[in-house]
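Residue-level listing of the chains:
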Number of protein chains: 2
Amino acid sequence: MHRLPEPVQNLIDAFARLPGIGPKTASRLTFFLLRAPEDLATSLSQALLGIKKDTKLCEVCFNITLKDRPTCEICNSPLRDAQTLCIVEEPLDVLAIEKTAGYNGLYHVLHGVLSPIEGIGPEDLKIKELLIRLESQDFKEVILATNPSMEGDATAMYLHERIAPLNIRVTRLARGLPVGGDLEYADQNTLLRALAGRERLE
Amino acid sequence: MHRLPEPVQNLIDAFARLPGIGPKTASRLTFFLLRAPEDLATSLSQALLGIKKDTKLCEVCFNITLKDRPTCEICNSPLRDAQTLCIVEEPLDVLAIEKTAGYNGLYHVLHGVLSPIEGIGPEDLKIKELLIRLESQDFKEVILATNPSMEGDATAMYLHERIAPLNIRVTRLARGLPVGGDLEYADQNTLLRALAGRERLE
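Definitions and limits used
Residue numbers restart at each chain and count upward from 1, following the sequence in its written direction. Each chain takes a letter, starting from A, and each ligand takes a number, starting from 1, following the order in which they are written. Local features are withheld for residues below a pLDDT of 70 in this predicted model, meaning they are given only at 70 or higher, and side-chain atom pairs are given and counted only at 80 or more; totals for whole chains, interfaces and linings count all residues. Heavy atoms from the whole structure form the basis of all side-chain values; hydrogens and water molecules are not counted. Residue burial is assigned from relative accessible area. The probe radius is 1.4 Å, only protein chains are included, and a residue is buried under 20% of its type maximum, exposed over 50%, and partly exposed in between. Secondary structure elements are defined from DSSP: runs of H or I of at least 4 residues count as helices, runs of E of at least 2 residues count as strands, and each element is numbered from the N terminus. When DSSP finds two or more bridges between two strands, those strands count as paired. The definition of a right-handed crossover adopted here requires that, viewed with the strands pointing away, the path from the first strand over the helix to the second runs clockwise. Axis lines are fitted through C-alpha atoms, for helices just across the contact stretch, and the angle between N-to-C directions can take any value from 0 to 180 degrees. Contact between two residues is taken to exist if any of their heavy atoms lie within 4.5 Å; hydrogens are not considered. Counted as salt bridges are all cases of a side-chain nitrogen of Lys or Arg within 4 Å of a carboxyl oxygen of Asp or Glu. Each polar contact in these results corresponds to two N or O atoms within 3.5 Å; when the atoms are within protein, one needs to be able to donate a hydrogen and the other to accept it, and residues that are neighboring in sequence are counted only if both atoms are side-chain atoms. Polar here means any residue other than Ala, Val, Leu, Ile, Met, Phe, Trp, Tyr, Cys and Pro, which are nonpolar, and Asp, Glu, Lys and Arg, which are charged; Gly is therefore polar. Here the bounds of each domain stem from an automatic or database domain assignment. Pairing of aromatic rings covers Phe, Tyr and the six-membered ring of Trp, with a centre-to-centre limit of 6.5 Å; geometry is then stacked below 30 degrees between planes, edge-to-face above 60, and tilted otherwise.

Draft legend 1. The pairing of strand β4 (residues 105-109) of chain A, seen in detail. Residues and elements named next belong to chain A. In terms of burial, β4 is a largely internal element, five of the five residues being buried. With five bridges connecting them, strand β3 (residues 81-88) and β4 associate as parallel partners. Residue pairing across strands places aspartate 81 opposite glycine 105, the latter belonging to β4. Regarding topology, helix α5 (residues 91-100) serves as the crossover connection from β3 to the parallel β4, and that connection is right-handed.

Draft legend 2. Focus on the sheet that holds β4 of chain A. All names here are of chain A. Spatial strand order, β4-β3-β5-β6: four strands in an open sheet with parallel pairing. Each of the sheet's edge strands pairs with one partner strand only, and the pair in question is β4 and β6 (169-172). Each strand axis lies, on average, 25 degrees off the axis of its neighbour in the sheet, ignoring direction. Note: β3 against strand β5 (residues 141-144), four bridges, orientation parallel. Bridge pairing links threonine 84 to glutamate 141 in β5. Across the sheet, helix α7 (residues 150-163) touches β3, β5 and β6, and the angle it forms with β5 is around 160 degrees.

Draft legend 3. Here's a closer look at the interface of chain B and chain A. Each partner contributes residues to the interface: chain B has 55 residues there, and chain A has 55 residues. Linking chain B with chain A are four salt bridges, by the criterion used here. Counting every contact that joins chain B to chain A gives seven residue pairs in polar contact (both at pLDDT 80 or more). Looking at the side of chain B that touches chain A, the elements with two or more residues in it are α1 (6-16), α2 (23-35), α3 (38-54), β2 (64-66), α4 (73-76) and α5 (91-100) of chain B. At 15 residues, α3 of chain B tops the list of elements feeding residues into the side of chain B that touches chain A. Looking at the side of chain B that touches chain A residue by residue, the class counts come to 31 nonpolar, 11 polar and 13 charged.

Draft legend 4. Structural context of the domain arrangement of chain A. Under the domain assignment, chain A is made up of domain 1 (4-52) and domain 2 (78-201). Computed over C-alpha atoms only, the centres of domain 1 of chain A and domain 2 of chain A are separated by 36 Å.

Draft legend 5. Expanded view of the pattern of salt bridges. A complete count under the given rule lists 19 salt bridges over all chains for this structure. For aspartate 153 of chain B, the salt bridge identified is with arginine 175 of chain B, shortest N-O distance 2.9 Å. Here the residue aspartate 153 of chain B occupies a position in helix α7 (residues 150-163), and arginine 175 of chain B occupies one in the loop between β6 (169-172) and α8 (188-196), the gap between them amounting to 22 residues. Assessed through its relative accessible area of 18%, aspartate 153 of chain B is described here as buried. Here the salt bridges share partners, and the residues they tie into one network are Asp153, Arg172, Arg175 and Arg193 of chain A.

Draft legend 6. Structural context of the packing of aromatic side chains. Residue and element names in this part refer to chain A. Counting across every chain of the model gives two aromatic pairs over all chains. Each ring, one from tyrosine 103 and one from tyrosine 107, has its centre 5.2 Å from the other, and the planes form 65 degrees; the classification is edge-to-face. You'll find tyrosine 103 and tyrosine 107 in the same group, each marked buried.

Draft legend 7. Spatial organisation of the pairing of strand β5 (residues 141-144) of chain B. Residues and elements named next belong to chain B. Across the two faces of β5 the burial is the same, with Glu141 and Ile143 and Val142 and Leu144 all buried. Pairing geometry for β5 and β6, over four bridges, is parallel. Bridge pairing links glutamate 141 to arginine 169 in β6. A crossover connection joins β5 to the parallel β6 through α7; in handedness this β-α-β unit is right-handed.

Here it is, written out as structure tokens:
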């Protein structure tokens, strides 16, 4: 059978290593780029090098930031509430919370969750750095904003135990019915949480 | 609101210019690459440059081939039937037909279809080159394998008219029910074609 030219197959293989991109999508993207004006493949190529060359993790919160500064925009901002710390799993979670415009404190990015199955323990996450940060700065509240998953909950429990002795208020994001959702279609666990956490109207 | 570091936003924007990749997928891919080992972003970056640097169109059939040879693997192969020519819209169509292992002739890639709405006329496709090829070589059959769409059919009709005077047998791919499909769910036009093209069992 006819084989594709090596450079074409290489690009298909490289695309197919990305999450959510199967072999069909990978070849569709490749053939699109073969037809597209040259600057599209080139600018994507350069942007790919750029994220590795020009970014790094913030030395304080471990969010992604520019390589030429030690700390990120949020950590540097005098407008943020420096006594509230929100702990998230990934940099994308910071973006999601920032988009709500409902939070004005600082962040700490763990870069993962505890997962005994995958062999990820506390030493693989930015937990040591978190505890040092909590001890050396004056925080009033720590919000545990890990995902509402088994691993996320276990990580939150673990962090709660470690933070409790420090005399800082520890909270976590509310569980309940998603806004715009339909009670009828809510899964059992969500509905159970929504019942247990019911709020009194006054 | 917090803005992403420029290199990160650049990569999201570059991904989002690809077909079928919206802003959400683009940022998911970007944050995946930020966490992935460096060689993944780098190898994708190099593969992107490679398709532009190391490939070109075959000088005979206009399929994609390596830059260092004038013609492609299929055109060069002494094992292919050089008297049958299959005309397709895109290089991906060559791949699809090759995968069937049911065709052993040569190809001609038009690089598009006639589309008056988008201003694409015969001079924008590899039609002049096709006619020269048909006149200078000895073909017994030309298979019109454009897509079964309005533009694909119109292009096939146009090509048929142009090829007819050359005394070459012109055929096109059969229309009918897709294999594994369900008669009940076939659209009206497909069913009509399947009826009109019914085959006698002997």
